[in-house]
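Observations on the three-dimensional arrangement
Listed here are the chains, written in short residue letters.
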Amino acid sequence: VSTHPPSRHGLPSSRYRSPESLLDCAAKAVAEKWAFERVEERFERIPEPVQRRIVYWSFPRNEKEICMYSSFQCRVAVGTGDGLPFRRGIRLLETGCVENVLQVGFHLSGTVTEPATSSEPEVTHKVAISFDRCKITSVTCGCGNRDIFYCAHVVALSLYRIRKPEQVKLRLPISETLFQMNRDQLQKLVQYLITAHHTEVLPTAQKLADEILSSNSEINQVHGAPDPTAGASIDDDNCWHLDEDQVREQVKQFLSQGGYYGSGKQLNSMFAKVREMLRMRDSNGARMLTLITEQFMADPRLSLWRQQGTGMTDKCRQLWDELGALWVCVVLNPHCKSEEKSGWLKQLKKWGDMDVCPLEDGNYEQPGTGSAPRRSVFSRAVEACDLHWQDSHLQRIISSDYYMSPSYQREGESLLFNPQGLPLWLDHVPTACARVDALRSHGYSREALRLAVAIINTLRLQQQRQMDIYKHQKKEIRQRGVTSTTNLEGWVGHPLDPIGCLFTTLTETCRVDDDNTMDTGGDTRPPVYHHVPVWGSPDGGESYLTLALEVALMGMGQQRIMPEGLYAQDKVCRNEEQIVAKLQELELDDLLVQTLRKQAIQLLEAGPFSGLGEVIHRESVPMHTFAKYLFSALLPHDADLAYKLALRAMRLPVLESSAGSGDVGHPHHGISIVPSRYPRWFTLGHLESQQCELASTMLTAAKGDMLRLRTVLEAIQKNIHSSSLIFKLAQDAFKIATPADNPPDITLLNVALELGLQVMRMTLSTLNWRRREMVRWLVTCATEVGLRALVSILQSWYTLFTPTEATSIVAATVMSHNTILRLSLDYPQREELASCARTLALQCAMKDPQNCALSALTLCEKDHIAFETAYQIVIDAASTGMTYSQLFTIARYMEHRGYPLRSFKLASLAMTHLNLAYNQDTHPAINDVLWACALSHSLGKNELAAIIPLVVKSVHCATVLSDILRRCTMTAPGLAGIPGRRNSGKLMSTDKAPLRQLLDATISAYINTTHSRLTHISPRHYGEFIEFLSKARETFLLAQDGHIQFAQFIDNLKQIYKGKKKLMMLVRERFG
């Protein structure tokens, strides 16, 4: 027997290992494979030393297995691992907290002491573990732990036994010890046992004694007696202890949280645990998956979603997908028994037939729609149950690295081997990859690699044949300009994730990994890969890493139809991003760059079989995300190829044949669905933004290279149809072209301007909520480009801006002091710019006088002729197309600028458009009317005489008229002092024109308003009405016979409205 204590993996730790004895070799094998009952049945008497070694080797030997049952994952992120039972168990063991360890047969016991903390006293827990054939079959601990996983105390005791087996007292099963005792010794043992534990044991001891003494009791019918330390019987299942109730409870709890509070992450961790168990070929993997699935199927939200016809959340959908994929893995276990498989099939069919079972495409079916058979999330797993591993060619592929066809058989076509003699596996690609995933998932990584290589050789051959077919049809396809050839089933976004599966299988073997990171925890750094040559490769130049890259590029570049339904489309986008993220983890060396270039060229030349071929199907999944990766990866090594690929990928054919040249931007929607155009493409918004990302990446890279920028610009103008996205590109280009601490890049700046101009043209006739921002940005961009750009946009304003934008934003900004300073313009340049701005202003005022006249006058102030022209445009438009408020605004502007007579003319024109009713005493135009009258009054008697008839005609509100009258009588007219005009300086009389007309109109307005108010007056308004009459009296008294007129008016009221007694009493009290 080896004198060196075993290490944590059950091997002697010394460098100088002496060979194990034959007894130990045999005992190890028996301990792992045979139940102890079988050993006892086989041999009549087993020598004690042999029994001891079998019992010794029956305890689990691998710490990874303990870790698997005591933490969610073997690799624990730094900083999070300390709270996990496995890490805590190690700490308890290493700090000497495990004591009294005793192994009696197949039963291990001990005490584990939790040290005291600031809040908790020291506490000791009794721990007991039963085991059989290197698996822990039951655990109990005084801590009362209720969890899926073993507690830290069980971990500490288990690791003590694995790391320090020589320090554990080992006894044979208790039945063996009892067998060696005589009657007196047995009686003594029983009595001492009862005395030691009389409160717990005494009732049980008495009951058993009674049964033994009764001759016909059940206990006497059975030969022998049970022994909890004697290991398992032949019929017992040999599997690790798993608390099924806790699995159910936790899954139920996580589901009830609806993917919030990290529950989605926890469920994914449980799926990862299932995969880990499968990899260790632990039967609990399928058992745990069954428990999880039962809880998923019992989720009450399923029936709710189905009734409402609503889809489940994305997070939830992804969990169901993983569930379906795991079942495919489970049923494809190459070494599962047929009865196991038929049991799973029955269960899967039962779940799949339930109404609430989610469907593969993520939608709940509507009654009576479609003839396609219903496919549930379990349909793939049900189909996988029909697959077997008995095919002799398949068996040879997975069992040997050197399986090839003999050289003399390599002529002509073969379905089994390629022309180089390497084996092919001609199966439906996703199904073939599901086999690879199953092999890998069940711990057959070498076999998985062999099958993966055969699949890739098959894909290569198919790619080559497709290219040959295309060469013959090239001319015809090019002439048609469209192709019907494409794959209806894409590999990217497929429920079985074939490309992701092959990529992971191949890169796993190339991963530079320290196997001892199990319990110390890794960190989140990206994985590091190195080249591992392909076993059995004839030229020896291939590595699994180059194959991984090649197959990912093949799969991503496959031309495929966009699938039906929001969920399937979303999955395509998500899967694409996942694969690109994995590709970005690869550090490209010469070998990988070589593979990248070769595959990129093939994708460009593969015709309709490639999404990057010359001609593609209108409904093809776009290649923007993929092309962005290819562009960035190839750029440092082969810029021409990088641009060729990315430019070709810029297209989005689904928009081409249906969209016109106008703007089809959707600034309000994350998902773009324009009815009648492309109702099927739910992810269009996302795809368009990816197209924009690709363009932006190219623009950034092409900075400073005019030729490249020109081609990228043309591709953008041809292929991008959303104004919002082109605007984003223009902004991106502008930002990159104008770094804070360096001079601007004029080539890229010009591109930004061109894109901005395109946005202006696209959005000129369509509504866009960002239009104002876009116009301002364009002026900023043109200013950075320089004077010529500004002159150009001013001269061609009508193709870019509305008249209002052109005058109020564009010309106003161009003429601002800041712009002149920014451009450092000399006098002739300033004049050129100003002249363009004035021309624009006059054109806009002609086109839209209502909105542009004022801006035009402002812009033309410094040029007499232009100003006069603008004024004339206003006068001409005043009678037809302008409102009183617009005219008043311009009139006030004219007064402010020192043109009172012109101001008066415009105010008079404004008055002709106005109509102020008797009850509109809060009308917004009142201030303008008062101002116009004040202006006329200040200019003189003639102007006042001219405006009063207009006021009388337009204003019927008594209080406003009396206000105007009062103001006109307070001061003498003509105070503005117009040069060359004399003013008398006398106050005006209300008895003479023009004020007499105003006074009569005011009195008349008061009379009419009084009657109107009395028609619908309520008592609560009586007080207010009396005050109104008081104001009326003030106006009446301005006339010579005013008091007589007012008295008659009041008498008249009393007579007409005598029915309103209370009101008339108030009138009498105040006015007699």
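Predicted model only: the values in this text are computed from it and were never measured.

1. Details of the overall build of the protein chain
The helix and strand tally for the protein chain stands at 46 helices and five strands. Out of the 1072 residues in the protein chain, the part that is buried amounts to 50%. In the protein chain, 70% of the contacts between residues at least 6 apart in sequence involve partners at least 24 apart. Entry remark: accessible area of the protein chain is about 52,600 Å², with carbon and sulfur atoms responsible for 53%.

2. Digging into the packing of aromatic side chains
Taken as a whole, this structure holds 20 aromatic pairs when the rule is applied. Ring centres of Phe 271 and Phe 296 lie 6.0 Å apart, and the angle between their planes is 40 degrees; this geometry places the pair in the tilted category. Placement of the pair is Phe 271 in helix α11 (residues 263-279) and Phe 296 in helix α12 (residues 284-297), with a sequence separation of 25 residues. Both residues of the pair, Phe 271 and Phe 296, count as buried. Arranged with centres 5.3 Å apart and planes meeting at 25 degrees, the rings of Phe 867 and Tyr 899 form a pair that is stacked.

3. What about the environment of Gly 613?
Within the element layout of this structure, Gly 613 appears in the loop between α23 (590-605) and α24 (624-634). Those residues in contact with Gly 613 that lie beyond four places of it in its chain are Leu 603, Leu 604, Gly 607, Arg 648 and Arg 651.

4. So, the sheet that holds strand β4 (residues 135-141)
A sheet is described by the order of its strands in space; here five strands give the open sequence β4-β3-β2-β1-β5, paired in mixed fashion. Both edges of this open sheet fall to β4 and β5 (169-171), since each of them pairs with a single strand only. Geometrically, the sheet is characterised by an average inter-axis angle of 20 degrees between neighbouring strands, direction not taken into account. In the sheet, strand β3 (residues 123-132) pairs with β4 via six bridges, with the strands oriented antiparallel. Bridge pairing in β4 links Ser 130 to Ser 138. Sheet strands touched by helix α5 (residues 85-94): β1 (98-104) and β2 (107-114). Its angle to β2, the strand with the most contacts, is close to 85 degrees.

5. Quick notes on the pairing of β3
Looking along a regular strand, one sees the side chains alternate between the two faces of the sheet. Burial analysis of β3 places seven of its 10 residues in the buried class, the great majority of the element. Bridge analysis of β2 against β3 gives eight bridges, and the strand direction is antiparallel. What sits directly across from Leu 108, in β3, is Ile 129. Where β3 folds back onto β4 in an antiparallel hairpin, the turn is made up of two residues, including Arg 133, whose phi is positive at roughly 50 degrees.

6. Structural notes on the side chain of Gln 463
As for its placement among the helices and strands, Gln 463 is situated in helix α19 (residues 445-480). Residue Gln 463 is classed as buried on the basis of its relative accessible area of 9%. In this structure, Gln 463 is in contact with Met 554, Gln 599 and Gln 602, ignoring residues within four places of it in sequence.

7. Thoughts on the confidence of the model for the protein chain
Segments scoring low in pLDDT should not have their predicted coordinates read at a detailed level. The pLDDT averaged across the protein chain works out to 85; a share of 89% of its residues lies at or above 70. Taken together, the stretch residues 74-80 has pLDDT below 50 and engages in 15 contacts with residues farther than four places along the chain or on a different chain. Within the model, the stretch residues 515-522 combines pLDDT values under 50 with 19 contacts to residues more than four positions away or in other chains.

Calculation notes
- Residues numbered from 1 in each chain as written.
- Predicted model: local features only at pLDDT ≥ 70, side-chain atom pairs only at ≥ 80, totals over all residues.
- Heavy atoms only, no water.
- Helix = DSSP H or I, 4+ residues; strand = E, 2+ residues; numbered from the N terminus.
- Buried < 20%, exposed > 50% of the residue type's maximum accessible area, 1.4 Å probe, protein only.
- Contact = heavy atoms within 4.5 Å.
- Areas by Shrake-Rupley, 256 points an atom, 1.4 Å probe, with all protein chains shown as cover.
- Phe/Tyr/Trp six-rings, centres within 6.5 Å; stacked < 30°, edge-to-face > 60°.
- Pairing = 2+ DSSP bridges.
- Axes fitted to C-alpha atoms, helices over the stretch in contact; angles between N-to-C directions.
- pLDDT = per-residue confidence, 0-100.

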